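Survey of secondary and tertiary structure
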Amino acid sequence: MRTPVVLGIESSCDETGAGIVRDGKLLAHVVASSMDEHARFGGVVPEIAARAHLHSFNPVVRQALDQAGLRVGQIDAVAVTTGPGLSGALQVGLAGAKSLAYAAGVPLYGVHHLAGHVAADTLEHGPLPEPCVVLIVSGGHTSLLLVRDLVREPILHLGDTLDDAAGECFDKVARILGLPYPGGPAIDRAARDGDAKAVAFPRPLTRPGNDPFAFSFSGLKTAAARWVEQHRLRGEEPSVADGAAALQEAVADVLTRKALAACRAHDVRTLIVVGGVAANSRVRALAEERCAAAGVELRVPPMTLCTDNGAMIAAVGDLLVRSGAEPAPLNVSIDPSAPL
Ligand code: KG4
Ligand code: ZN
């Protein structure tokens, strides 16, 4: 039998993604982002995101099919994110995916968004070395996961952020420093000329007795605001470069320290880092340094697969199809607050 071709759809936040995967290989990968439409509000506006998905769904799917040189009739299964995410946004993707599956007469698979992030790495580096620890760091998530068997066992949540996500922290502090949105790349650039030791920002939840795998980033935002304010009270302007470098160091330190502690605690030899914040140069450098010292293999998929996309959902769908998993009924609904 011909290996099945799986179309994956992602629409949980501000990216409309369609990807096509066959036998673990990426055939197409198209993403339309509504990020620019949210920029002036300083964050994702759910209603705008849902409308943008509606607008982008057909062109994105069409483009993915063109990229793979396939017709709808040549798709063997459709996989779609059912949650977690913004409900209006998820609804649009699920309705579109159902229509496609129904029209093509092929099975539909519901996919957990985080399983997608994990599977993204397989498109670049091949089968997942299980067990592995996965650090997901984006504008919406900061989670440490233990993956034993992606398609057969639930992902084990080791820890999450108690408040802001790491990317959100970058975005909010960038605003405080007068840098543009999205703040992460702006902070990364500004930090190049800064001294990371110039400001002693806190390392939240790293004291003995703290939850070793939980994160908290809202305190960093407050610390940055106070640092700026103290300068202004003295009639000085703070060094944006120093603030950016010190913040980046604090975030990178906490993320990599906890990720490696998770590898040690569970005797895992592979760490996978995904999400927009995985693009951060200091997070990457420190992860490389600490993984090498601990004898842990570090995998970071290319950025286009790290951020939200349909290819990662197709990758999970492909694994589900090949493992003989049961498809979802056509009346499956979204699960916006799906357990993490
Ligand atoms: O995964 P992503 O594209 O979207 C979701 O949040 O789902 O992640 C976006 C986040 C933003 O908060 C952005 O500021 C952050 O990733 N980001 C970075 C960098 N590039 C993107 N943060 C730090 N350094 C970067 N170079
Ligand atoms: Zn995501």
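Rules and cut-offs
- Residues numbered from 1 in each chain as written.
- Chains lettered and ligands numbered in written order.
- Predicted model: local features only at pLDDT ≥ 70, side-chain atom pairs only at ≥ 80, totals over all residues.
- Helix = DSSP H or I, 4+ residues; strand = E, 2+ residues; numbered from the N terminus.
- Rg over C-alpha atoms; globule rule 2.2 N^0.38 Å.
- Buried ≥ 20, exposed ≤ 12 C-beta atoms within 10 Å, placed from the backbone.
- Contact = placed C-beta atoms within 7 Å.
- UniProt positions renumbered as here; feature names shortened; annotations may be inferred.
- Pairing = 2+ DSSP bridges.
- Axes fitted to C-alpha atoms, helices over the stretch in contact; angles between N-to-C directions.
- Expected span 1.5 Å × (residues − 1).

**Some words on the overall build of the protein chain**
Regarding its fold elements, the protein chain presents 11 helices and 10 strands. The C-alpha radius of gyration of the protein chain comes to 20 Å, within 12% of the 20 Å expected for a compact globule of 340 residues. For the protein chain, the spread of C-alpha atoms along the principal axes amounts to about 70 × 45 × 30 Å. Residues classed as buried in the protein chain amount to 54% of the 340 residues present. For the protein chain, contacts bridging at least 24 residues in sequence account for 75% of all contacts bridging at least 6.

**Here's the deal with the UniProt feature "binding site: substrate" (unreviewed entry) in the protein chain**
Within this numbering scheme, the UniProt entry marks Ile136, Val137, Ser138, Gly139, Gly140, Asp171, Gly184, Asp188 and Asn280 as carrying the feature "binding site: substrate" (unreviewed entry). Counting through the fold element by element, Asp188 comes out in helix α6 (residues 183–191). By the C-beta count within 10 Å, which is 20 here, Asp188 ends up buried. Not counting chain neighbours up to four residues away, the residues in contact with Asp188 comprise Gln248, Asn280 and Ser281. Mapping Asn280 onto the fold places it in the loop between β9 (270–274) and α9 (281–294). On the neighbour-count criterion, Asn280 (25 C-beta atoms within 10 Å) is buried. Once you skip the residues sitting within four places of it in the chain, Asn280 turns out to touch Gly184, Asp188, Gln248 and Ala252.

**A look at the sheet that holds β9**
What the five strands build is an open sheet, ordered β8-β7-β6-β9-β10; its pairing is mixed. At either margin of the open sheet sits one strand with a lone partner, and together these are β8 (156–160) and β10 (297–299). Pairwise comparison of adjacent strand axes, ignoring direction, gives a mean angle of 20° for this sheet. As judged from the three bridges shared by β9 and β10, these two strands associate in the parallel manner.

**Quick notes on helix α3 (residues 87–104)**
End to end, α3 covers 25 Å across 18 residues, agreeing with the expected 26 Å (1.5 Å per residue, within 8%). By the burial criterion, the buried members of α3 are Ala89, Leu90, Val92, Gly93, Leu94, Gly96, Ala97, Leu100 and Ala101. Summarising the contacts, the buried residues of α3 are in contact with β1 (5–10), α2 (46–68), β4 (77–83) and β5 (108–112). Among the residues trailing α3, Gly105 stands out with phi positive, at a value near 65°.

**Overview of the pairing of β1**
For β1, the buried fraction is high: six of the six residues fall into the buried class. Neither face of β1 is exposed, since Val5, Leu7 and Ile9 on one face and Val6, Gly8 and Glu10 on the opposite face are all buried. Relative to strand β2 (residues 15–22), β1 runs antiparallel, the two sharing six bridges. Pairing of Ile9 across the sheet is with Ala18, part of β2. Counted between consecutive antiparallel strands, the loop separating β1 from β2 contains four residues. Sheet topology note: the β1/β4 ladder contains four bridges and is parallel.

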